[in-house]
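The primary structure of each chain is shown beneath.
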Amino acid sequence: MPQSPIKVFLVEDSPVALEILQRLLKSSPRITVVGTARNGKEALDLIPKVQPDVICTDLHMAVMDGLELTQQVMAKNPIPILAISNSVQADDTNNIFQVLQAGALDIFPKPTTGRESDYEQVKAQLISKIEILSGVSVFTKPLKDLTAVERRRNSTSVGKSSWMEATVEGANNAKSSIRMVAVGASTGGPQALQKLFSQLPSHFPVPVICTQHISEGFLQGLVSWLATECQVKVKIARDGETPLAGTIYFAPEKSHLEFNSLGKFTLNRAAGVMDGHRPSVTVMFRSAAQFYGKGTIGVLLTGMGKDGATGIQAIAQAGGTTIAQDEASSIVFGMPKEAIALGAVQHILPIQNIAPFLLSRVFSK
């Protein structure tokens, strides 16, 4: 029995961009465009009538922008949302990660030239993202939840939650055998990383390294956004740098993140691995396993494909600790599933439980 086409609703205030997007999507037999709107207000009126499987929305629009639209949709009638934007400059990327925090599942950069020929070059990637998101289950995100970050920030001015205080205060003199935490993520990663990293205290006693698959041009925005959400430092790793405790280091765009014999970062621009990924989670995990051995904790989060599976297996084989995000809390249960299938994962945890687990390990004797 043939599958029903994926019903897509487009929200875009540029007539030219809207026409191009419609033409691109209509070229796929798997997709049908069931409606369009020029702003979020129009979209909210039309979406219940056409019941799309996926909403693609621009960010910057008059009357109601993509951020407010996402908040309203996820609070009232949750549907997978793909934010499409050409806002990749430093003064705009924070908006993109705000829309992810509001409930959008992924981002897709518009070609900066706006030419149809450039849209054609990314057509396959756009269609692939929509196909992935159409199969994702989303949940209501009440508007009151959007103030949670502010409440958390206010509470951290007088201290972390009681379980974290007890863990940290009771273990100040303990010396853990853990020396490095390595984290890999892909689709859905920004949201998962925010939930994980925002729970770590500023004096987290070991370095954290991270490889996140993300569209080119968005990494600095992700790092800047996470830096405002976290107590630990967040930065992009530099070649020759020595990783320090209390800092999260991201693999740069187009470079694998590895370690040399002295434990300093080396940025490897060799060819992509595991479906062409550069940076690759597997490359980073293998290097961490080789240098830190049983002192490594590997964490594999939501994402499509197999990158990270054999890498986290290397950590397990070196005597390290391995964790995978569970299916229920993953936007795409691809990478964790592959690692679990290899028998490389010792602990399968929902995203909200991973930080407490890490704290219990790094502050233990």
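Definitions and cut-offs
Residues numbered from 1 in each chain as written. Predicted model: local features only at pLDDT ≥ 70, side-chain atom pairs only at ≥ 80, totals over all residues. Heavy atoms only, no water. Helix = DSSP H or I, 4+ residues; strand = E, 2+ residues; numbered from the N terminus. Polar contact = N/O pair within 3.5 Å; in protein donor to acceptor, adjacent residues only side chain to side chain. Contact = heavy atoms within 4.5 Å. Axes fitted to C-alpha atoms, helices over the stretch in contact; angles between N-to-C directions. Parallel < 35°, antiparallel > 145°, perpendicular 65-115°, else oblique. Left-handed = near helix turned anticlockwise from the far one by under 90°. Nonpolar A, V, L, I, M, F, W, Y, C, P; charged D, E, K, R; others polar. 1 Å grid on protein atoms, 1.4 Å probe; cavity = no way out; pocket = protein on both sides within 12 Å on 5 of 7 lines; lining within 4 Å. Points joined across faces, edges and corners; volume = space filled by probe spheres on them. Pairing = 2+ DSSP bridges. Phe/Tyr/Trp six-rings, centres within 6.5 Å; stacked < 30°, edge-to-face > 60°. Buried < 20%, exposed > 50% of the residue type's maximum accessible area, 1.4 Å probe, protein only.

Another point: the side chain of N39. Take N39: it is sitting in the loop between strand 2 (31–37) and helix 2 (40–50). Within the structure, the side chain of N39 is placed 3.0 Å from the backbone nitrogen of K41, a separation counted as a polar contact. Setting aside anything within four residues of it in sequence, one finds N39 in contact with V11, M61, A62, V63 and M64.

Interaxial distance between helix 9 (residues 189–197) and helix 14 (residues 351–362) falls to 8 Å at its minimum, and their mutual angle equals 40 degrees. The orientation of helix 9 relative to helix 14 falls into the category oblique. Crossing handedness for the pair helix 9 and helix 14: right-handed. Touching A192, K195 and L196 of helix 9 are I351, I354, A355 and L358, all from helix 14. A class-by-class count of the residues in the contact of helix 9 with helix 14 yields six nonpolar, no polar and one charged.

Another aspect to go through is the layout of surface pockets. Looking at the second largest pocket, its volume works out to about 920 Å³. What lines the second largest pocket is a set of 37 residues, among which Q125, K129, H213, I214 and S215 lie closest to the centre. Those elements giving two or more residues to the lining of the second largest pocket turn out to be strand 5 (106–109), helix 6 (123–134) and helix 9. Residue composition of the lining of the second largest pocket, by class: 16 nonpolar, 13 polar and eight charged.

Our focus in this paragraph is the sheet that holds strand 5. Spatially, the five strands line up as an open sheet ordered 2-1-3-4-5, and their pairing is parallel. Every interior strand has two partners, whereas the edge strands, strand 2 and strand 5, have only one. Pairs of neighbouring strands in the sheet enclose a mean axial angle of 25 degrees, with direction left out of account. When strand 1 (residues 6–11) meets strand 3 (residues 54–57), the two strands line up parallel, connected through four bridges. Bridge pairing in strand 3 places V8 opposite V54. The strands touched by helix 2 within the sheet are strand 1, strand 2 and strand 3, with strand 1 carrying the most contacts at an inclination of about 160 degrees. Helix 3 (residues 66–76) contacts strand 1, strand 3 and strand 4 (81–85) of the sheet and is inclined by roughly 160 degrees relative to strand 3.

The way to describe two aromatic rings as a pair is by their centre distance and the angle between their planes. This structure, assessed with the given rule, holds seven aromatic pairs. Consider the rings of F97 and W225, whose centres lie 5.5 Å apart with planes at 20 degrees: the pair is stacked. With F97 in helix 4 (residues 93–102) and W225 in helix 10 (residues 219–229), the pair connects residues that are 128 residues apart, well separated along the chain. The exposure class assigned to F97 is buried, which follows from its relative accessible area of 0%. Taken together, a centroid distance of 4.9 Å and an interplanar angle of 75 degrees make the contact between F291 and Y292 edge-to-face. These aromatic residues form a ring-pair network of at least three members: Y249, F259, F265, F291 and Y292.

As a packed pair, helix 11 (residues 281–292) and helix 12 (residues 309–317) sit with axes 7 Å apart at the nearest point and diverge in direction by 10 degrees. Judged by the inter-axis angle, helix 11 sits roughly parallel to helix 12. For the pair helix 11 and helix 12, the contacting residues are T282, F285, R286 and A289 in the first and A309, T310, G311, I312, A314 and I315 in the second. In terms of residue class, the contact of helix 11 with helix 12 is built from six nonpolar, three polar and one charged.

Another point: the environment of P252. Mapped onto the secondary structure, P252 falls in the loop between strand 9 (247–250) and strand 10 (256–259). For P252, a relative accessible area of 12% gives the class buried. Separated by 17 residues in the primary sequence, P252 and K235 have C-alpha atoms spaced 9.6 Å apart. Once residues lying within four places of it in the same chain are set aside, the contact partners of P252 are L219, I236, A237, L267 and P279.

So far we have only geometry, and geometry alone does not tell us how the molecule works.
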